Every structure is written in C-alpha cells, then in structure tokens.
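Geometric and topological summary
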Number of protein chains: 2
Amino acid sequence: MKEIKSIAALASRFGTLPGVGRKTALRYAYAVIDMSEQDVDAFCAALREVKSSVKLCAECGNFTDDEVCELCKTRHGKQICVVAYPKDVIAIEKTGAFDGKYHVLHGTLSPMNNRTPDDLNIKSLLGRLNGIDEVIIATNPDVEGEATAVYLARLIKPLGVKVTRIAQGISMGSELEYADAVTLSQALGRRTAL
Amino acid sequence: MKEIKSIAALASRFGTLPGVGRKTALRYAYAVIDMSEQDVDAFCAALREVKSSVKLCAECGNFTDDEVCELCKTRHGKQICVVAYPKDVIAIEKTGAFDGKYHVLHGTLSPMNNRTPDDLNIKSLLGRLNGIDEVIIATNPDVEGEATAVYLARLIKPLGVKVTRIAQGISMGSELEYADAVTLSQALGRRTAL
C-alpha cells in the first residue's frame, strides 16, 4: 500500500524519539491527524519553546530555563552528587534520599566512542569543591560509568575531598535466581555485617 | 523537584498521543532537548504538513493527500470492505488477502456515546454499491462493531448486495487455555467441517 507522504514523514520524525518503533511512530502520526489545528500549533510551540528556553545550569550543568537551576539555588549541603545525565537527577530526586547538590557530566568516559574528560562537564566540578565534604559518584554501574568514577576519584581525592560511589548489589525486590552473575558476585564480595 | 515549565508543557503534549504515559512523555521531551534546531524545525513542519495535507478520500473516506485515494484509483474489484478507521485499512492491506476497495466509516454506532448513523460515513457507502457484489464488514468484534455490522447488513441486503462479516474464532497461534470464554464459545458454535 502506498503510504501518504506527509504521514510517513511525520512517522519518521516520531521514530527518532527513544524507544519508538515503526508501528508506534505511525500510530502517533495518525493521532496527529485527529488533533485540532490549535493542538498541532500548540504542539509545535511547545517543541520550539523547549529548544529555545532550556539551557544548561551555569553551576551544575543540569537543564534549566534560568541562569542557575532551581536545585543549585536552593540546596546548600556539603555534598555533590555526580551523575551522567539530567534524567539521573530526576531519578535520584524521586527517591527523596538526597538533599545535596548535583553535578551533571553529560556523558561518561568512553575511549571506544572517543569521549575524553574534555568532552564532559568535569572542569566546572573541580571549581565547585570549595566547602564540599563529599562527592558521591552516581554514574551507572557499567564499564563506562565505572571508568568515569575511577577517573573522578583520582582527580578529586588529592584535593582533600571524600569521594564515594553508590552501592552495587542485588536490587530490592529482585530474586537471586534471576540476578546476573556479575551483580551477584559483587553483592557477595561487598556483603555487610548484620 | 520543580520541573522546568517548557519541558513539562512539551511532555503534556506528548502525553496526548495514544499510549504515552507521564514517564514516556517526559522521556520524549528530554530527547527533544538533544535534537538539533533543524530537527525540531523539521518536526514542526512535519506536524503541520500532516494536518494541512491529509484529507478524506471523496470516495471511500480513507486518509489521502489527493482528491481520491490511491486505493480507490487502482482497485477495480466487485467487493467493498467496510472498516471503522483508516488504521484498519492498513492492517488488512498488510495481510495481502484482500484486493478490493475499502470504505471507512470513521467510527462505529454507539448509543452510549451518542454516535448515530448520521455521524458515520454511511451515506456515501450506499452510493458506491453500483456494480458491487459483496460488502465485507470488518468492524471489530465488540458490541459497537457488531451493532454497526448488523445495521449495515439490514441497510444493504435489501439492495440486492451480499453482505458478509469477517470470521470470529480462536486466533492463529493462540492457546485455547488462554482464550476468553466468549471467543471460545463462538469458535465452537461456528465450527467448520474438515
């Protein structure tokens, strides 16, 4: 069946969003046909507004629509939690378990992908360590995340600041039976006293 | 955490797409931040283009960017397959099992939702029956789809045109164990000789 060009074009745009396959993209495009003219205009305006208003916080590098982000303005703790991406800040904020400041690297070190320390938001982190007691490194527990954590620890520890790493182990509510071998062996190795 | 207004606004737009929840919508909005200016412009252009170029085929009511759709132009069989929505045409075309014409109702009869025959694309169907042998009703096998099928059959049969309904039964590859009772009892009642 010959597809309608404009629908196919819109579907391929939707297809650039994360996790959207051909079928879902087409479904979204069809939904747009059913939208009112005003809704489509508002959709476009929202797209452009995000692109024009969202910038990086001058302090932590997180997304903001101001010079300095809300979290940098309101948090005055002595801890900085370092994450790879803005979405990681959201994940940690949702836990409610951390009330310090953040620092967003916008990536992790990856020799394979030619991402060196100069490509990450690291220099400004060093400039923020005044009055900071602890830097918590909350990059993902994968090869790149680990490499980035080790790199940052080597950089920051000599400055007299404690550097910690979020714990790795068995997820809450998961079953040992289904845990991967690496996670399980690390959980054993890092066992804690009861 | 205070959300950035423009990101929240865009996420709520994405949230109007079918099957997109809060979390997915936010994920899409974040992806837009990472798009280039040109990509966002192209996205907007594609949205508007769909809205402005897609209209309904003057014959069958399916989406088209022309006066008459590609299928109406190229199909010359003596069968018309009646479906509720344009996406149903795509589903049937994918099977390759039908090479006749289509007719899109843009809905099904629903007294509950105040959808009467006048709200559906039915009148133009009656005007298309010249030279047609069979009208296949391919609405969904739910209450509204069945009601619509029965209504159309009563309308069309007196005009001397055969009216058929797509078969209902156990899906190919499914397991009896998991079939719902209605489907299973219908599959039994409509059993065919081997």
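Keep in mind the model is a prediction, meaning the values are calculated, not measured.

Let us now look at the sheet that holds strand β4 (residues 101–104) of chain A. All names here are of chain A. Pairing is parallel in the open sheet, where four strands are placed in the order β4-β3-β5-β6. Every other strand in the sheet has two partners, leaving β4 and β6 (162–165) as the edge strands with one partner each. Taken over all neighbouring pairs, the strand axes of this sheet differ in orientation by 25 degrees on average, direction set aside. In this fold helix α5 (residues 86–95) packs onto β3 (79–83) and β4, with an angle of close to 155 degrees to the strand it touches most, β4. Packing against the sheet, helix α7 (residues 143–156) makes contact with β3, β5 (134–137) and β6, and its axis sits at approximately 170 degrees to β6.

With that settled, consider the interface of chain B and chain A. Contacts between chain B and chain A engage 51 residues on the former and 50 residues on the latter. Interface area for chain B against chain A, summed over the two sides, is near 4,700 Å², with a carbon-plus-sulfur share of 73%. The tally of links between chain B and chain A comes to four salt bridges. Our count for the contact surface shared by chain B and chain A stands at eleven residue pairs in polar contact (both at pLDDT 80 or more). If you list the elements that add at least two residues to the side of chain B that touches chain A, you get α1 (5–14), α2 (22–34), α3 (37–53), β2 (63–64), α4 (70–74) and α5 (86–95) of chain B. Ranked by residues supplied to the side of chain B that touches chain A, first place goes to α3(B) with 14 residues.

Where strands meet in a sheet, backbone hydrogen bonds hold them as pairs that are either parallel or antiparallel. All names here are of chain B. The strand order β4-β3-β5-β6 describes an open sheet built from four strands, whose pairing is parallel. At either end of the open sheet lies a strand with only one pairing partner, and these are β4 (101–104) and β6 (162–165). Each strand axis lies, on average, 25 degrees off the axis of its neighbour in the sheet, ignoring direction. The pairing of strand β5 (residues 134–137) with β6 spans four bridges and is parallel.

Residues and elements named next belong to chain B. Here β4 shows a buried face lined by K101 and H103 and a second buried face lined by Y102 and V104. For strand β3 (residues 79–83) and β4, the ladder comprises four bridges, and the chain directions are parallel. Residue V82 lies in a different strand from β4, and its bridge partner there is H103. Viewed along the sheet, the connection from β3 through α5 into β4 turns out right-handed.

For chain A, the assigned domains are domain 1 (5–53) and domain 2 (76–165). Computed over C-alpha atoms only, the centres of domain 1 of chain A and domain 2 of chain A are separated by 34 Å.

The next thing to look at is the layout of surface pockets. Empty space among the atoms can be located by rolling a probe the size of a water molecule over them. As a volume, the largest pocket reaches approximately 920 Å³. Lining the largest pocket are 33 residues, and of these L26(A), Y30(A), P86(B), K87(B) and I90(B) lie nearest its centre. Put simply, the parts of the chain that give the lining of the largest pocket at least two residues each are α1 (5–14) and α2 (22–34) of chain A together with β2, α4 and α5 of chain B. Residue contributions to the lining of the largest pocket peak at eight residues, all from α2(A). Of the residues in the lining of the largest pocket, the class split is 15 nonpolar, four polar and 14 charged. If you add up the space inside the second largest pocket, you get close to 470 Å³. Every residue lining the second largest pocket is counted, 16 residues in all, and those nearest its centre are P86(A), K87(A), L26(B), R27(B) and Y30(B). Within the residue set of the lining of the second largest pocket, elements represented by two or more residues are α5 of chain A together with α2 of chain B. The dominant element in the lining of the second largest pocket, judged by the number of residues it contributes, is α2(B), at seven residues. For the lining of the second largest pocket, a count of residues per class yields nine nonpolar, two polar and five charged.

Cut-offs applied
Residues numbered from 1 in each chain as written. Chains lettered and ligands numbered in written order. Predicted model: local features only at pLDDT ≥ 70, side-chain atom pairs only at ≥ 80, totals over all residues. Heavy atoms only, no water. Pairing = 2+ DSSP bridges. Helix = DSSP H or I, 4+ residues; strand = E, 2+ residues; numbered from the N terminus. Axes fitted to C-alpha atoms, helices over the stretch in contact; angles between N-to-C directions. Contact = heavy atoms within 4.5 Å. Buried area = accessible area lost by both parts, 1.4 Å probe. Salt bridge = Lys/Arg side-chain N within 4 Å of Asp/Glu carboxyl O. Polar contact = N/O pair within 3.5 Å; in protein donor to acceptor, adjacent residues only side chain to side chain. Buried < 20%, exposed > 50% of the residue type's maximum accessible area, 1.4 Å probe, protein only. Right-handed = clockwise from strand over helix to strand, strands pointing away. Domains from an automatic or database assignment. 1 Å grid on protein atoms, 1.4 Å probe; cavity = no way out; pocket = protein on both sides within 12 Å on 5 of 7 lines; lining within 4 Å. Points joined across faces, edges and corners; volume = space filled by probe spheres on them. Nonpolar A, V, L, I, M, F, W, Y, C, P; charged D, E, K, R; others polar.

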